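The residues making up each chain are set out below.
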Amino acid sequence: MTEDTSGAARGGRRWAARAALAAAALAVLLPLAKGGLGGFLLLAVALVGVVVTAAAAWWTLARRGPLRWVAALLAVATPAAVVTLFALFLLWAVPVSLLLWAAAVWAGRYALRGDGPRFRPAREHRTAPPRRPFLVMNPRSGGGKVARFGLVEKAERLGARVVLLDPDEHQDVTALARSAVADGADLLGVAGGDGTQALVAAVAAEHGLPFLVVCAGTRNHFAMDLGLDRDDPARCLDALTNGVELRVDLGFAGGHPFVNNASFGAYAAVVQSPAYRDDKIGTILELLPELLTRRRGPRLTVRTEVATLDAPQAVLVSNNAYRTNDPAGIGRRERLDSGLLGVLGIKVDSAAEAAALVLDPAADGLAVLTTREVVVDADRPEIEAGVDGEALTLPTPVHCRVDPGALRVRVPRRRPGVPDPRPPLNWRRLRELATTAGRKHSGRRHVRAEGPARRP
């Protein structure tokens, strides 16, 4: 999108940039002015508190015995102590400062709204409703959402054939989907978790059939990024009679499809444990010390078109990139049709590096990039992987790729959760807007970690 060139719009953005800078300056200066020298000391204490909390969190995860519990206590007590000090010595200045920060963020986003390419929603394709839809439903997903929302009954009223999975017997959903295609199904759908969604989605993509997502799982990340109503899964079935199609990408890790992501390293090893589902926190605390300190698990090497990551402790390969430049949007994908994989790699070997990662998100310990293909290799013939939450063991090297536009997803016309992402705050750009009268911005954006400079 080109930048709005009308004089009124430029003037409004310029004044919004000035307001954002002024509010941010007041947000910083107010506590300092109220506290005097003590305000500066409290600011220093807060900075030290961040470092201590990050280091203590690392020791909690990477150590055992008494040191772990001391570190855990420190990780909780430090931020509590900092907040208490601010409340005691600055009183009203803290909430007012927070309000000023909120105003600065709002004004800054308004000022930057015309910079760079605007978010482009996925193109909607109008198609006739399916005549022989086929749906697989997992009655245990999401704590029993299939029964609670009457999904079987509604789907059958709309003309769908429904197969309800047997909770006590393993069933091959890929085989069920292939059999349905052979019987003439012209749409495949799933009411269940993301792992089941991916398996049936791959069959739909293979045969060029539309795919229906019913968000009956626990987290429903794929449904969230499609904009579906996760609070009422029954509304997803409206797509059978009043829907449109989106063309989205489908990821593969060693031949296994994924709609969200494939993880390798520490998390993938943890989810392999049989105890993980019944005791997630206990299993994590039991296994992470050896995984983080490299006494257990493979040594990974991740090769992409733009960088090589050497020995990261955890790697996440996603079907399109997750947002990392805005805390409000973390965990979401702006697009599902970019034709690119997102890669997040973390390498932290000490408490000092953990603190550096918190103070500087662009630190060497974090790699954020996009690429068409990823090769995950290791110093052993097989590695653990979590593919859309399913625990797998894959032979190395694992080739991850994305199939652009492979999946025809049928969705309701009205989707309440379609994201409306806002531009990330760029204070340097705000200063340019505030001090420049009429000069156009080039529209160039800073791209994080698109080269070797971000290797862990």
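This text goes with the structure placed above it.
To start, this report covers the structure provided alongside it. (Residues numbered from 1 in each chain as written. Predicted model: local features only at pLDDT ≥ 70, side-chain atom pairs only at ≥ 80, totals over all residues. Heavy atoms only, no water.)

1. Observations regarding the packing of helix 7 (residues 173-182) against helix 8 (residues 194-207)
- In the contact formed by helix 7 and helix 8, the axes pass within 9 Å of each other and the chain directions differ by 30°. By crossing handedness, the relation of helix 7 to helix 8 is classed as right-handed. Contacts between helix 7 and helix 8 involve Val 173, Thr 174, Ala 177, Arg 178 and Val 181 from the former and Thr 196, Leu 199, Val 200, Val 203, Glu 206 and His 207 from the latter.
- For the contact of helix 7 with helix 8, a count of residues per class yields 6 nonpolar, 3 polar and 2 charged. (Axes fitted to C-alpha atoms, helices over the stretch in contact; angles between N-to-C directions. Helix = DSSP H or I, 4+ residues; strand = E, 2+ residues; numbered from the N terminus. Left-handed = near helix turned anticlockwise from the far one by under 90°. Contact = heavy atoms within 4.5 Å. Nonpolar A, V, L, I, M, F, W, Y, C, P; charged D, E, K, R; others polar.)

2. Some details on the pairing of strand 6 (residues 243-253)
- The buried fraction of strand 6 amounts to 10 of the 11 residues, a majority that puts the element mostly inside the structure.
- Examined bridge by bridge, strand 1 (residues 124-125) and strand 6 share 2 bridges and lie antiparallel to one another. Bridge pairing in strand 6 links Glu 124 to Leu 246.
- Across 3 bridges, the pairing between strand 6 and strand 7 (residues 256-258) is antiparallel. Looking at the pairing, Ala 253 lines up with His 256 of strand 7.
- From the end of strand 6 to the start of strand 7, which pair antiparallel, there are 2 residues, and Gly 254 there has a positive phi angle of about 60°. (Buried < 20%, exposed > 50% of the residue type's maximum accessible area, 1.4 Å probe, protein only. Pairing = 2+ DSSP bridges.)

3. Points about the side chain of Ser 263
- Residue placement: Ser 263 occurs in strand 8 (residues 261-265).
- Not counting chain neighbours up to four residues away, the residues in contact with Ser 263 comprise Ala 268, Val 315, Leu 316, Glu 384, Ala 385 and Gly 386.

4. What to know about the packing of aromatic side chains
- This model, assessed by the stated rule, comprises 2 aromatic pairs.
- Seen in terms of ring centroids, Trp 106 and Tyr 110 are 5.9 Å apart; in terms of plane orientation they differ by 15°. Their pairing is stacked. Of this pair, Trp 106 and Tyr 110 both sit in helix 4 (residues 93-112), 4 residues apart, which is roughly one turn of the helix.
- For the cation-ring pair, Arg 401 lies above Phe 252, with the distance from its terminal atom to the ring centre recorded as 4.3 Å. (Phe/Tyr/Trp six-rings, centres within 6.5 Å; stacked < 30°, edge-to-face > 60°. Lys NZ or Arg CZ within 6 Å of the ring centre and 35° of its normal.)

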